[in-house]
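Summary of the model geometry
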Amino acid sequence: MKQIEILSSGKVELDGGLLNQFDSNGNCASIRIKDLEKITLDKFRGYDRVILETKEKIHPIVNLKNREELISILEKTSGIKKEEDLTEDSLWNRKTPIYFIPSVVVLVMLYIPLVKVKFPILNPEFLGLFFNVNLIIYLLYAPEKENHIDSKFSLKRRLIFISLVVFFFQVYTQLDKVGWFKS
């Protein structure tokens, strides 16, 4: 709900040589159009975004009604041509299943009786632990689109944190089952 409020109540105004960007709280960020060094168009989390870069700061702008009109005015005034960033911002792509082949192999081995007898460690808890480690490794090496706003709140970091918490809980439960914490 908060995100909808932020996107719907922000606005952008051109005032002479300034671009004023107002947020949902009424705060204003002013950008001198002559100071622009780069104009980039991309998609971020499903929204069309315009990124205006100056020496001091990067200004991402989303949810514009007349995006093309604003970009053409900025190009004429600043003399800078727009660039388009076509990289995907999704964690899922065609190569993602390749990362999880080890987990699928362990799953198949779990349900083959002959292999299960030879390796008694194969059980559903081990599969969950193995899959979680596989997921953490995937998230560490998966590419992520640059946020430009605040990278410490990125989706990838949050997923790694959640996976690590689940991993430590899984390890704790397994150690508790074997009596590690009993005195």
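Our structure's up above, just so we're on the same page.
Numbers given to residues run from 1 along each chain, matching the order in which its sequence is written. With the structure being a predicted model, the display of local features is reserved for residues of pLDDT at least 70 and the display and counting of side-chain atom pairs for 80 or more, all residues being used for whole-chain, interface and lining totals. Side-chain measures here rest on the full set of heavy atoms in the structure, leaving out hydrogens and waters.

1. Structural notes on the nonpolar core
The condition is simple: Note on terminology: a nonpolar core comprises buried Ala, Val, Leu, Ile, Met, Phe, Trp, Tyr and Cys residues joined through side-chain atoms within 4.5 Å. Using a 1.4 Å probe on the protein chains alone, a residue whose accessible area is under 20% of its type maximum counts as buried, one over 50% counts as exposed, and one in between counts as partly exposed. Numbered from the N terminus, helices here are DSSP runs of H or I no shorter than four residues, and strands are runs of E no shorter than two. Contacts are assigned to residue pairs with any non-hydrogen atoms lying within 4.5 Å of each other.
By size, the foremost hydrophobic cluster in this structure holds 13 residues, and its most contacted members are Leu 19, Leu 36, Ile 39, Val 50, Leu 52 and Leu 74. The set of elements that each furnish at least two residues to this core consists of strand S4 (38-44), strand S5 (47-53) and helix H2 (67-78). By residue number, the principal contributor to this core is H2, which donates three residues. Residue contacts for Ile 39: discarding those within four places in its chain leaves Val 50, Ile 51, Leu 52, Leu 74, Glu 75, Ser 78, Ile 80, Lys 81, Lys 82 and Glu 83. Judged by nonpolar contacts, the second largest core, of six residues, contains Phe 100, Tyr 138, Ala 142 and Ile 160.

2. Focus on the sheet that holds strand S6 (residues 58-62)
For the record, the criterion: A strand pair is defined by DSSP finding two or more bridges across the two strands. Between N-to-C directions, angles cover 0 to 180 degrees, with each direction set by a line fitted to C-alpha atoms, over the stretch in contact for helices.
With respect to topology, four strands assemble into an open sheet ordered S6-S5-S4-S7, the strand pairing being mixed. Of all strands in the sheet, those with a lone pairing partner are S6 and strand S7 (82-84), marking the two edges. Taken pair by pair, the neighbouring strands of this sheet meet at an average axis angle of 25°, ignoring direction. Bridge analysis of S4 against S5 gives seven bridges, and the strand direction is antiparallel. For Lys 38, the partnering residue across the bridge sits in S5 and is Glu 53. Docked against the sheet, H2 engages S4, S5 and S7, running at close to 160° with respect to S4.

3. A few points about the packing of aromatic side chains
Definition in use: Aromatic rings from Phe, Tyr and Trp, taking only the six-membered ring of Trp, are treated as a pair when their centres fall within 6.5 Å; an angle between ring planes under 30 degrees marks them as stacked, one over 60 as edge-to-face, and anything in between as tilted.
Applying the stated criterion across every chain, the model contains six aromatic pairs. Each ring, one from Tyr 172 and one from Phe 181, has its centre 4.9 Å from the other, and the planes form 35°; the classification is tilted.

4. Quick word on the pattern of salt bridges
Just so we agree on the cut-off: The salt bridge criterion pairs a side-chain nitrogen of Lys or Arg with a carboxyl oxygen of Asp or Glu, the two atoms within 4 Å.
Summed over all chains, the structure comprises seven salt bridges. Note that Arg 49 and Asp 42 form a salt bridge whose closest N and O atoms lie 2.7 Å from each other. By relative accessible area, Arg 49 is classed as buried at 1%. As a salt-bridge pair, Lys 82 and Glu 68 come within 3.7 Å of each other at their nearest N and O atoms. Of the two residues, Lys 82 is situated in strand S7 and Glu 68 in helix H2; the sequence distance between them amounts to 14 residues. Overall, the relative accessible area of 48% leaves Glu 68 in the partly exposed class. Connected through shared salt-bridge partners, Lys 43, Asp 48 and Arg 67 make up one network.

Interpretation note: all reported values are geometric properties and have no functional meaning in isolation.
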